[in-house]
Amino acid sequence: FARTEGTPDLFRVLRSRDVLVHHPYESFAGSVEAFVEQAARDPRVLAIKQTLYRTGGPESRIVNALVRAADAGKQVVALVELKARFDEQANVDRARDLEEAGVHVVYGLVGLKTHTKVLLIVREEADGIRRYCHVGTGNYNPVTAGLYEDLGLFTADPQVGEDLTDLFNHLTGYARRSSYRTLLVAPDSLRSGIVERIRAQAALGTGGRIVMKMNSLVDPTVIDELYAASAAGVAIDLIVRGICCLRPGVPGLSEHIRVRSLVGRFLEHSRIYRFGADAATAEYLIGSADMMPRNLDRRVEAVTPVADPRLCARLEEVITVELDDDRLAWTLDGSGAWTRVPASRGVDTHAELARRARVRTQ
């Protein structure tokens, strides 16, 4: 991010280009927390709307910034998920702090857990109202940002801004469900959007390519579509940290599918969905959702396309390193057994991505 008089001018940067951040290799404090804090003190900012799944303790910079923004008279909306596992009490406490400060606190939709990680900032500028957005794969929490591997997209793209406006209006009860321009949103359009993209690659046969990185793969519909794509000859790589109900390498069913998992210093938490054989023209999406029925049917999730070719190249870099890894990687076979990948090149994903982050900083 560019700096003006020692302070990051995040709005100026985002007016010129999108930004992708990769935690913990890149600073959460210098990106996400700084973004909310700048918005809180900027007199031109009219509104801040944010989902909070794991709020953190009373020292949370984000919660404190939202409190200051409300004190300054800005419209502040915080959607706090009270059913975030292991953080229920902390979320109740922070929600109370926010309410006492005058923040409009919402607790989500009946029957759905709000798991999406989105932030919307509305700012009045010389040429009119502009929306600044962040769509992430991880929590707005500095502790998990230092332990979990996650991605976040900062953008001032008008369509993403309109989609997040519609999403927040829906979550706060001001509007009914809407169709979205660019985002895939669960439980409305996420499964169907992923299935549509898998089928498009299946139609290409051996010319198709799919890479999906996620925490868990459980959804029967998505699994069946991946089997069908494999049968059509599509090369498929799945990077699954946890539960995987798909069986790879089964002749006649999944012989073109490979599954691996990385276990190391950081918990692999980001979700990347890549469709297309040519890295230069492939479609890349990131977001909060795993391919599980609970995520696709019983949670509010959001996945966004990444349009900037520079940022798509960054995502391809992450995928390539993780598929080359032979230090942290395990592979799954058709019997359901995991086997450690034999070391040959000595690629450690966490060490390599940290090294590349240092090079970019220098």
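Cut-offs used in this document
- Residue indices follow the written sequence of each chain, beginning from 1 at its first position.
- Per-residue local features of the predicted model are confined to residues with pLDDT of at least 70, and side-chain atom pairs are confined, for both listing and counting, to 80 or more; whole-chain, interface and lining totals are unaffected and use all residues.
- Note that water and hydrogens are dropped before the side-chain values are worked out from all heavy atoms of the structure.
- Here a strand is any run of E in DSSP of at least two residues, a helix any run of H or I of at least four, and the numbering for each starts at the N terminus.
- The atom set for the radius of gyration is the C-alpha atoms, and the globule formula is 2.2 Å times the number of residues raised to the power 0.38.
- Remark: exposure states derive from per-residue accessible area (1.4 Å probe, protein chains only) relative to the maximum for the residue type, with buried under 20%, exposed over 50%, and partly exposed in between.
- Contact between two residues is taken to exist if any of their heavy atoms lie within 4.5 Å; hydrogens are not considered.
- All accessible-area figures derive from a Shrake-Rupley calculation using a 1.4 Å probe, and residue coverage is judged against the displayed protein chains alone.
- The charged-residue count follows a simple rule in which Lys and Arg add positive charge and Asp and Glu add negative charge, with His and chain termini not counted at all.
- Here the site of a charge means NZ on Lys, CZ on Arg, CG on Asp, or CD on Glu.
- Here, expected helix span is obtained from the residue count minus one, scaled by 1.5 Å.
- Under this definition, polar contacts are N or O atom pairs within 3.5 Å; protein pairs additionally need one hydrogen-donor-capable and one acceptor-capable atom, and for neighbouring residues in sequence, both atoms have to be side-chain atoms.
- Among the buried residues, those of types Ala, Val, Leu, Ile, Met, Phe, Trp, Tyr and Cys that are joined through side-chain atoms within 4.5 Å form a nonpolar core.
- Within this document, salt bridges are pairs made up of a side-chain nitrogen of Lys or Arg and a carboxyl oxygen of Asp or Glu, the two lying within 4 Å of each other.
- For two strands to be treated as a pair, DSSP must find no fewer than two bridges joining them.
- The angle between two axes is taken between their N-to-C directions and runs from 0 to 180 degrees, where each axis is a line fitted to C-alpha atoms and a helix contributes only its stretch in contact.
- Roughly parallel means an angle under 35 degrees; roughly antiparallel means over 145; roughly perpendicular covers 65 to 115; every other angle is labelled oblique.
- Two helices that cross are described as forming a left-handed crossing if the nearer one is turned anticlockwise from the farther one by less than a right angle, and a right-handed crossing if clockwise.
- Criterion for a disulfide: a pair of cysteine sulfur atoms at a distance within 2.5 Å.

Visitor: For the overall build of the protein, give the residues involved together with the corresponding values.
Guide: Along its length, the protein carries eleven helices and 20 strands. The globule rule puts the C-alpha radius of gyration for 362 residues at 21 Å, and the 20 Å found for the protein is close to it. Overall size of the protein, expressed as C-alpha extent along the three principal axes, is 65 × 45 × 40 Å. For the protein, with 362 residues in total, the buried portion stands at 57%. Contacts spanning at least 24 positions in sequence make up 68% of the contacts within the protein whose residues lie at least 6 apart. Of the roughly 15000 Å² of accessible surface on the protein, a fraction of 50% belongs to carbon and sulfur atoms. Counting 47 positive and 48 negative side-chain charges, the protein places the averaged centre of each group 1 Å from the other.

Visitor: Give me the lowdown on the side chain of aspartate 290, citing residues and values where you can.
Guide: Note that aspartate 290 resides in the loop between β17 (283-287) and α9 (293-297). Exposure remark for aspartate 290: the relative accessible area of 4% places this residue in the buried category. Beyond its immediate sequence surroundings of up to four residues, aspartate 290 is in contact with Met214, Asn215, Ser216, Arg271, Tyr273, Asn295 and Leu296.

Visitor: Let's hear about helix α10 (residues 309-324): which residues, and what values?
Guide: Taking 1.5 Å per residue, 16 residues should reach 22 Å; α10 reaches 22 Å between its end C-alpha atoms and fits that length. Sitting at the amino-terminal end of α10 is aspartate 308, which places a side-chain oxygen 2.8 Å from the backbone nitrogen of arginine 310.

Visitor: Before we move on, could you go through the nonpolar core and cite the residues and values that matter?
Guide: Formed by 38 residues in total, the largest nonpolar core has its most connected members in Phe35, Ile48, Leu52, Ile62, Leu66, Leu98 and Ile121. Among the elements of the structure, α1 (10-16), β3 (19-23), α2 (29-41), β4 (45-52), α3 (61-71), β5 (75-80), α4 (88-100) and β8 (117-125) are those that each provide at least two residues to this core. For this core, the leading source of residues is α3, giving seven residues. Those residues in contact with leucine 66, other than ones at most four positions away along the chain, are Val36, Ile48, Gln50, Leu52, Val76, Ala78, Leu98 and Val103. Leu184, Leu217, Val234 and Leu296 belong to the second-largest nonpolar core, a separate cluster that totals 30 residues.

Visitor: Could you give an account of unusual backbone geometry, naming the residues involved and the relevant values?
Guide: The amide bond that connects histidine 23 to the next residue, proline 24, takes the cis arrangement and shows omega of 0°. For proline 24, the position within the fold is in the loop between β3 and α2. The omega torsion of the bond from alanine 186 to proline 187 falls at 5°, within 30 degrees of zero and hence cis. Within the secondary structure, proline 187 sits in the loop between β11 (184-186) and α7 (190-202).

Visitor: Explain the pattern of salt bridges to me, using residue names and the numbers behind them.
Guide: Evaluated as defined, the whole model comprises 29 salt bridges. Its salt-bridge partner being arginine 345, residue aspartate 324 comes within 3.8 Å of it at the nearest N-O pair. A residue pair is termed long-range when its members are at least 10 positions apart, and aspartate 324 in helix α10 and arginine 345 in the loop between β20 (338-340) and α11 (349-361) qualify at 21 residues. Given the relative accessible area of 28%, aspartate 324 is considered partly exposed. Sharing partners across several salt bridges, the network here consists of Glu26, Arg314, Glu317, Glu352, Arg355, Arg356 and Arg360.

Visitor: Outline helix α8 (residues 220-231), supporting the account with residue identities and numerical values.
Guide: Every α-helix carries 3.6 residues per turn, so stepping three or four residues along brings you back to the same face. Here α8 contains twelve residues, and its C-alpha end-to-end distance of 16 Å stays within 8% of the 16 Å for a straight helix at 1.5 Å per residue. Of all the positions in α8, only Val222, Ile223, Glu225, Leu226, Tyr227, Ala229 and Ser230 are classed as buried. Those residues of α8 that are buried lie in contact with α7, β12 (209-214), β13 (235-240), β14 (257-262) and α9. Once α8 ends, the next one or two residues include glycine 233, with phi positive near 105°.

Visitor: So what about the pairing of β13? Which residues, and what values?
Guide: Of all six residues in β13, five are buried, a share of seventy percent or more. Bridge analysis of β12 against β13 gives six bridges, and the strand direction is parallel. Each bridged residue has a counterpart across the sheet, and for valine 211 the counterpart in β13 is aspartate 237. For β13 and β14, the ladder comprises four bridges, and the chain directions are parallel. Bridge pairing in β14 places leucine 238 opposite valine 259.

Visitor: Tell me about the environment of glycine 207, and name the residues and values.
Guide: Looking at the secondary structure, you find glycine 207 in the loop between α7 and β12. On a C-alpha basis, the gap between glycine 207 and isoleucine 62 in space is 45 Å, while along the polypeptide they are 145 residues apart.

Visitor: Could you give an account of the packing of α10 against α11, with specific residues and numbers?
Guide: Running from amino to carboxyl end, α10 crosses α11 at an angle of 150°, the nearest separation of the two axes being 9 Å. When the axis of α10 is compared with that of α11, the two are roughly antiparallel. Where α10 crosses over α11, the two elements pack in a sense that is right-handed. Seen from α10, the contacting residues are Arg314, Glu317, Val318, Val321 and Glu322; seen from α11, they are Thr349, Glu352, Leu353, Arg356 and Arg360.

Visitor: So what's going on with the state of the cysteines? Which residues, and what values?
Guide: As enumerated under the stated definition, the model contains zero disulfides in all. Left without a disulfide partner, cysteine 244 is nearest to the cysteine sulfur of cysteine 245, which lies 6.9 Å away. Residue classification places cysteine 245 among the partly exposed residues on the basis of a relative accessible area of 43%.

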